[in-house]
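Observations on chain architecture
As a plain string of letters, each chain reads:
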Amino acid sequence: MSAYGKEAYGLYRKFSSKAVAHTIKSYSKFSIPYPYPVAQSIEAANGMEYPMICFNYGRTEKDGTYTEATKNGMLGVVIHEVGHNFFPMIVNSDERQWSWMDEGLNTFVQYLTQELYDNKFPSRGGPAWTIVDYMKLPKDQLEPIMTNSENIIGFGPNAYTKPATGLNILRETIMGRELFDYSFKEYARRWAFKHPTPADLFRTMEDASAEDLDWFWRGWFYSIDPCDIAIDTVKHAVYDPTAAAPAARNGGLQRGLDKPAVHAFEDISKIRNKQDKSIVFLTDADTTLRDFYWRYDRGLEAYDSVTKQPAPTFGAPTVLSDEEKAKYADANLYEITFLNKGGLVMPIIVEFTFADGSKETKRLPAQIWRKNENKVTKVFYTNKKAVSIKLDPMRETADIDESNNSWPNVAEPSKFTLFKTKSVGRGQSVGLSPMQAAAGNK
Ligand SMILES: [Zn+2]
């Protein structure tokens, strides 16, 4: 149930209790069934959790409209605070000692829950690429996740988003969804109403999955090393200096109004969720949740034709001319040397793009680094000639320097342009929102 003032009617009437119910269902699926008789979302100016009750922000403008940031922030905070019933209130870790054990695990399941709410939800914590800005900071500004909570400087990334991202990388890239979900559920089942420490999580994930994940715990939780795998050399192919650089990126909608908050980059979790026929997104099951921004994100809600521009496009793949293509024989042997410049070992994911436009992805487990964690060489066989090779094409490993991930080495477009969807402050936004502009036009 929910309670809220009239200033929040426009958001809370529509979303609050349904978000609470969705959270309980989703968390119950990933951990243990919700054991309490009630869950309450109370509208307030903050976000804070207590057993069975929590306080969440999110108010409309005076005219009843709201910005997309306010709506998504409100949904995110409701899911997060309700989610705390599971971590740390049921799986009762010590948050004063290890904040990441409840905030990190909770942020992770919050992310899974948001993704099941709407396939376009612009989650900021969870996808590997969203932690890159933090991972590339100078080392004297970083500290391991395994740092006592009293001593943490960067609380948000350290306790919330880096652990959540690490678990998502484990799920999507290292263990696979089936094995991860079984093991994570087993952790919740074993430690519900008990007091787990970090080692209990690490051991249970290994014990339940029968996978040795020591290297991952050491790298992601005990060190500050980032992932930066580079393609050092590629043999049996010729660098093409005439390769066209990717087209300049579209800046998106004109300034003045917020552009849709959905990420231009559709990450691997969203794609897999969409392909999983067992998943029904809440906004599809309950179409009353399709508000202005649901339609706006999908281009169904026009508010001002002047500001409409084509969706941003990514850099075009390198294309060789016919003449250059002819020079290549049917070479299909590629010896690639990879450098581990960041220190953190990760699976190596190599995408070959062939002359006919088709692609093939080869995935090497992190154990490839076991005898030499600095440099490895691997020979790949392909049926066609590759025109380009790219590391981690789906951005699954939080690689902090993508400029060394491509062969031929093409200039990477500005990442600022890529990541214009940035966090906004809590509560309400300032200025005219698309929803207000649409209301004014009608
Ligand atoms: Zn929290």
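Shown above is the structure to which this text applies.
Now for a description of the structure that goes with this document.

The rules we used
Residues numbered from 1 in each chain as written. Predicted model: local features only at pLDDT ≥ 70, side-chain atom pairs only at ≥ 80, totals over all residues. Heavy atoms only, no water. Donors = N, O, S within 2.8 Å, 3.2 Å for Na, K, Ca; no water. Helix = DSSP H or I, 4+ residues; strand = E, 2+ residues; numbered from the N terminus. Buried < 20%, exposed > 50% of the residue type's maximum accessible area, 1.4 Å probe, protein only. Polar contact = N/O pair within 3.5 Å; in protein donor to acceptor, adjacent residues only side chain to side chain. Pairing = 2+ DSSP bridges. Contact = heavy atoms within 4.5 Å. Axes fitted to C-alpha atoms, helices over the stretch in contact; angles between N-to-C directions. Core = buried A, V, L, I, M, F, W, Y, C linked by side-chain atoms within 4.5 Å. Domains from an automatic or database assignment. Patch = residues over 30% accessible without salt bridge, like charges linked within 9 Å, V, L, I, M, F, W, Y side chains within 5 Å. Areas by Shrake-Rupley, 256 points an atom, 1.4 Å probe, with all protein chains shown as cover. Salt bridge = Lys/Arg side-chain N within 4 Å of Asp/Glu carboxyl O. Parallel < 35°, antiparallel > 145°, perpendicular 65-115°, else oblique. Left-handed = near helix turned anticlockwise from the far one by under 90°. Nonpolar A, V, L, I, M, F, W, Y, C, P; charged D, E, K, R; others polar.

1. Describing the coordination of the zinc ion
- Only His 80 (NE2), His 84 (NE2), Glu 103 (OE) and Glu 103 (OE) from the protein reach the zinc ion as donors, at distances of 2.0 to 2.7 Å.
- One chain supplies every donor for the zinc ion, spaced along it as H-x3-H-x18-E.

2. Observations concerning the side chain of Glu 402
- Note that Glu 402 resides in the loop between β10 (386-391) and β11 (406-407).
- You can call Glu 402 buried: its relative accessible area is 12%.
- In terms of polar contacts, Glu 402 uses its side chain to reach the side chain of Arg 395, at 3.1 Å.

3. Notes on the environment of Asn 372
- Topologically, Asn 372 is positioned in the loop between β8 (359-364) and β9 (375-381).
- The class for Asn 372 is partly exposed, based on a relative accessible area of 32%.
- Spatially, the C-alpha atoms of Asn 372 and Asn 340 are 9.5 Å apart, while their sequence positions differ by 32 residues.
- At a separation of 3.2 Å, a polar atom in the side chain of Asn 372 contacts the main-chain amide nitrogen of Lys 375.

4. Overview of the sheet that holds strand β4 (residues 53-56)
- Read from one edge to the other, the open sheet built from four strands follows the order β1-β2-β4-β3, with strand pairing classed as mixed. Sheet topology places β1 (2-3) and β3 (48-50) at the edges, where each strand pairs with a single neighbour.
- Here two bridges tie β1 to strand β2 (residues 40-43), and the two strands are oriented parallel to one another. Within β2, the position partnered with Ala 3 by the bridge is Ile 42.
- Here helix α2 (residues 68-83) sits on the sheet and contacts β2, β3 and β4; the angle it forms with β4, its principal contact strand, is near 155°.

5. Looking at unusual backbone geometry
- Note the cis peptide between Phe 87 and Pro 88, where omega equals 15°.
- Residue position: Pro 88 is located in helix α3 (residues 85-90).
- Phi at Phe 193 takes a positive value of approximately 65°, unusual for a residue other than glycine.
- Looking at where Phe 193 falls in the secondary structure, it is placed in the loop between α7 (177-191) and α8 (198-209).
- At Arg 395, a residue that is not glycine, the phi angle is positive and equals roughly 55°.
- Classification of Arg 395 as buried rests on a relative accessible area of 9%.

6. A short note on the nonpolar core
- Counting 100 residues, the largest nonpolar core has Trp 100, Phe 216, Trp 220, Ile 336, Phe 338 and Ile 389 as its most contacted members.
- With nine residues, helix α4 (residues 99-117) is the largest single contributor of residues to this core.
- Domain assignment of the residues forming this core places at least three in each of domain 1 (1-224 + 248-314 + 412-442) and domain 2 (229-239 + 320-408).
- Setting aside residues no more than four positions away along its own chain, Ile 389 makes contact with Ile 231, Val 234, Tyr 334, Ile 336, Val 350, Glu 351, Phe 352, Asn 405, Ser 406 and Trp 407.

7. With respect to a nonpolar patch on the surface
- A grouping of Leu 333, Val 379 and Tyr 381 is seen on the molecular surface, where their side chains present a nonpolar patch of about 280 Å² in accessible area.
- For Leu 333, the position within the fold is in strand β6 (residues 333-340).

8. Some details on the pattern of salt bridges
- Applying the stated rule across the entire model yields 23 salt bridges.
- Notably, a salt bridge pairs Lys 384 with Asp 356, separated by 3.1 Å at the nearest N-O pair. One end of the pair, Lys 384, is in the loop between β9 and β10; the other, Asp 356, is in the loop between β7 (348-354) and β8, with 28 residues separating them in the sequence.
- For Lys 384, a relative accessible area of 35% translates into the label partly exposed.
- Lys 362 is the partner of Glu 360 in a salt bridge, and the nearest nitrogen-oxygen pair spans 3.2 Å.
- For Glu 360, a relative accessible area of 28% translates into the label partly exposed.
- Overlapping salt bridges bring together Arg 171, Glu 172, Arg 177, Asp 181 and Arg 272 as one network.

9. Let's talk about the packing of helix α6 (residues 155-174) against helix α9 (residues 214-221)
- For the pair α6 and α9, the least separation of the axes is 11 Å and the interaxial angle reads 150°. Judged on the interaxial angle alone, α9 and α6 are roughly antiparallel. Two packed elements cross with a definite hand, and for α6 against α9 that hand is right-handed. Only Trp 215, Phe 216, Trp 217, Trp 220 and Phe 221 of α9 make contact with α6, whose side of the interface consists of Lys 162, Pro 163, Thr 165, Gly 166, Ile 169, Leu 170 and Ile 174.
- Its residues placed into classes, the contact of α6 with α9 shows nine nonpolar, two polar and one charged.

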